[in-house]
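# Coordinates in review
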Amino acid sequence: MTNPYLLDVRGLHKSFGHTEVLAGIDFQVAERELVFVIGPSGSGKSTLLRCCNLLEEPTSGTVTVDGVDLTAPGVDINKMRQRIGMVFQSFNLYPHMTASGNVTLALRKVLKQGRAEAAETALAALERVGMADKAEAFPNELSGGQQQRVAIARALALEPKIMLFDEPTSALDPELVGSVLKVMQDMRESGMTMVVVSHEMQFARAAADRVTFIDGGLIVEEGPPEQMFSNPTFPRTREFLARVAHA
Amino acid sequence: MNDWDRFVFSFFNSDVIEQYLPSIVDGFFLTCLLAIQIVVAGIALGLVLALIRSLKFTPVDLLIVLYADLLRALPPLVLIILFYFALPSVGISMSGFTVVWLTLTLVLGAFAEEIFRAGIVSIDKGQWQAARSTGLTHIQTLISVVLPQAIRITVPPLTNRTIAITKNTALGSVVGVGEILNQATTAQSFSGNASPLMLGAAAYLLLFIPVVVFGRWIETRFAWKRQ
Ligand SMILES: Nc1ncnc2c1ncn2[C@@H]1O[C@H](COP(=O)(O)OP(=O)(O)OP(=O)(O)O)[C@@H](O)[C@H]1O
Ligand SMILES: [Mg+2]
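Residues numbered from 1 in each chain as written. Chains lettered and ligands numbered in written order. Predicted model: local features only at pLDDT ≥ 70, side-chain atom pairs only at ≥ 80, totals over all residues. Heavy atoms only, no water.

A word on the pairing of strand 7 (residues 162-166) of chain A. Walk down a regular strand and you will see the side chains alternate between the two sheet faces. Residues and elements named next belong to chain A. Of all five residues in strand 7, five are buried; the element is thus mostly enclosed. Residue alternation in strand 7 divides its side chains into two sets, Ile162, Leu164 and Asp166 and Met163 and Phe165, and both sets are buried. When strand 6 (residues 84-87) meets strand 7, the two strands line up parallel, connected through four bridges. For Ile84, the partnering residue across the bridge sits in strand 7 and is Ile162. (Buried < 20%, exposed > 50% of the residue type's maximum accessible area, 1.4 Å probe, protein only. Helix = DSSP H or I, 4+ residues; strand = E, 2+ residues; numbered from the N terminus. Pairing = 2+ DSSP bridges.)

This is the structure:
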């Protein structure tokens, strides 16, 4: 039973109380693909990402990652989450730990690496995001862009199969956005499978294989970036893109 | 004798002080012993209850809330009297020392649970999401990520509450525990002189001023720049 998709979301519904936030999403991502997810505020983008690693429990539907249905009973979700890296808008670094400590925590607690081995793995991951020289700095001593790169290293160190990005640059000052996009570009070139929620349309044009437009908890349309940006099918997509372009 | 001499004679009488100093010193050490045991057990109890509550087993949560509310509402003296004078009639009798220790531990535990709980829920959801997304379990996240941050927030209120509750060791004088106040009032009635009370007050200062200073130090130590 081989699934051609690394991430395969089927019939995903998610409600909070009586509000349905995701109203039946079918969403597939193949290995090495970079998929951009765009949509208005409150359309359910973050909720979709959080359902992909079960930080949010789907109301119904299935989420299959690397051939394993995460919603099936008896799945070791903590083990599966090692294969699914996640990067947040607000970085969410642990403020009481150094950059290196942020990266080693899961290496030690989840992968059960020893102190020295974990430190070495962490340093290699920090190296990949250009933050090796700040390994001993605390989050409050780092700029937003640096913090976000450490957060990426924290996820990368576990060698995930897929990375989920939830607006990784929206909390950054404009001059710091580039450093984070550069790291994401590098990851893409090294073949990482990525799902990116973001309004960085230029980056989408340059790096995305596919752009998915979500509105009202449903996928309205998806396609290659050139087509989506220059010739979208639905008026809703067009209106949204026009609004974003003016912002 | 003028007024000043009369004042010194009644409150700072060197003969009386000399005679009763040893019993106040005994009281001092007993109070220290009692206070340390209350602080250690009470804070540990509060922490364990707060951790259990964070697991969100609803029936257990309700029990803990009930316990915390009851013990925070009742005056400790009422509990001490209840345990010491009423429990023996159902076959449970404890020494005065044990009763005071148990009561104040339960009271401190109740307050500490609420303080730790408030600290835990004040930690940003993003911290939980980040840790869980890397595969840490709920308990691992709680212990390695959330608690270290929560404890920093809880240090000032916890220190204040701990000091307030350990001062209640003075209630031990009601149930025959030879702590500072008991020694001082006993000495006062034997000598017919108020000087032992002054000694007692000095002993309390000696015991609690270092605790207050330590609390302040720990507060600055644990306050780190928020992002
Ligand atoms: N834990 C929650 N409880 C209740 N409602 C929630 C919860 N999380 C999200 N929602 C609601 O679900 C809807 C979608 O939220 P979501 O964060 O997924 O949107 P989004 O597309 O990421 O928006 P944005 O672009 O503003 O980040 C919103 O209306 C939000 O209020
Ligand atoms: Mg969002």
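As a further point, take the environment of A:Leu172. Looking at where A:Leu172 falls in the secondary structure, it is placed in the loop between strand 7 and helix 6 (174-189). For A:Leu172, a relative accessible area of 9% corresponds to the buried category.

With that settled, the discussion passes to the sheet that holds strand 6 of chain A. All names here are of chain A. As summarised here, the arrangement of the six strands in space is 6-7-8-3-9-10, forming an open sheet in which the pairing is mixed. The open sheet has two edge strands, strand 6 and strand 10 (218-223), and neither has a second partner. For this sheet the average axis-to-axis angle between neighbouring strands, irrespective of direction, equals 20 degrees. Contacting strand 6 and strand 7, helix 5 (residues 144-156) runs over the sheet at an angle of about 170 degrees to strand 6. (Axes fitted to C-alpha atoms, helices over the stretch in contact; angles between N-to-C directions. Contact = heavy atoms within 4.5 Å.)

The next thing to look at is the sheet that holds strand 5 (residues 68-69) of chain A. Taken together, the four strands give an open sheet; going across it, the order is 2-1-4-5 (chain A), and neighbouring strands pair in antiparallel fashion. Bordering the open sheet on either side are strand 2 (19-30) and strand 5 of chain A, each of which pairs with just one other strand.

With that settled, consider the pairing of strand 10 of chain A. All names here are of chain A. In the sheet, strand 9 (residues 210-215) pairs with strand 10 via five bridges, with the strands oriented antiparallel. Across the sheet, residue Asp215 finds its bridge partner in strand 10, namely Leu218. Between strand 9 and strand 10, which pair antiparallel and follow one another directly, the connecting turn spans two residues, one of which, Gly216, has a positive phi of 60 degrees.

The subject of this paragraph is the interface of chain B and chain A. Listed per partner, the contact involves 21 residues of chain B and 25 residues of chain A. Between chain B and chain A, roughly 2,000 Å² of surface is buried when both sides are summed, and carbon and sulfur atoms account for 55% of that area. Between chain B and chain A we count zero salt bridges in total. Counting across the chain B and chain A interface gives five residue pairs in polar contact (both at pLDDT 80 or more). Contributing elements (two or more residues each) for the side of chain B that touches chain A: helix 6 (125-133) and helix 7 (138-166) of chain B. Tallying contributions element by element places helix 6 of chain B first for the side of chain B that touches chain A, with seven residues. (Buried area = accessible area lost by both parts, 1.4 Å probe. Salt bridge = Lys/Arg side-chain N within 4 Å of Asp/Glu carboxyl O. Polar contact = N/O pair within 3.5 Å; in protein donor to acceptor, adjacent residues only side chain to side chain.)

Across all of its chains, the model carries 14 salt bridges over all chains by this definition. Sharing partners across several salt bridges, the network here consists of B:Arg53, B:Asp69, B:Arg72, B:Glu113 and B:Glu114.

Bringing the site of ligand 1 into the picture now. Residue and element names in this part refer to chain A. The local shell around ligand 1 consists of Phe16, Val21, Pro40, Ser41, Gly42, Ser43, Gly44, Lys45, Ser46, Thr47, Arg50 and Glu167. One of the side-chain N or O atoms of Ser41 is found 2.6 Å from an oxygen atom in ligand 1. Here an oxygen atom of ligand 1 and a side-chain polar atom of Lys45 are 2.8 Å apart. When the free accessible area of ligand 1 is taken as 630 Å², the share hidden by the protein chains comes to 60%. Sorting elements by how many residues they give to the shell around ligand 1 places helix 1 (residues 45-52) first, with four residues. Looking at the shell around ligand 1 residue by residue, the class counts come to three nonpolar, six polar and three charged. (Near = heavy atom within 4 Å. Areas by Shrake-Rupley, 256 points an atom, 1.4 Å probe, with all protein chains shown as cover. Nonpolar A, V, L, I, M, F, W, Y, C, P; charged D, E, K, R; others polar.)

As a further point, take the packing of aromatic side chains. Taken as a whole and judged by the stated rule, the model has nine aromatic pairs over all chains. Between B:Phe7 and B:Phe11 the ring centres are 5.2 Å apart and the planes differ by 35 degrees, which places this aromatic pair in the tilted class. Of this pair, B:Phe7 and B:Phe11 both sit in helix 1 (residues 3-11), four residues apart, which is roughly one turn of that helix. Relative accessible area serves as the criterion here: at 37%, B:Phe7 is assigned to the partly exposed category. Taking the relative accessible area as the measure of exposure, B:Phe11 reaches 30% and is therefore partly exposed. Just above the ring of A:Tyr94 sits the side chain of A:Arg154; from NZ or CZ to the centre is 4.6 Å. The cationic tip of B:Arg72 hangs over the ring face of B:Phe111; the distance from NZ or CZ to the ring centre is 6.0 Å. (Phe/Tyr/Trp six-rings, centres within 6.5 Å; stacked < 30°, edge-to-face > 60°. Lys NZ or Arg CZ within 6 Å of the ring centre and 35° of its normal.)

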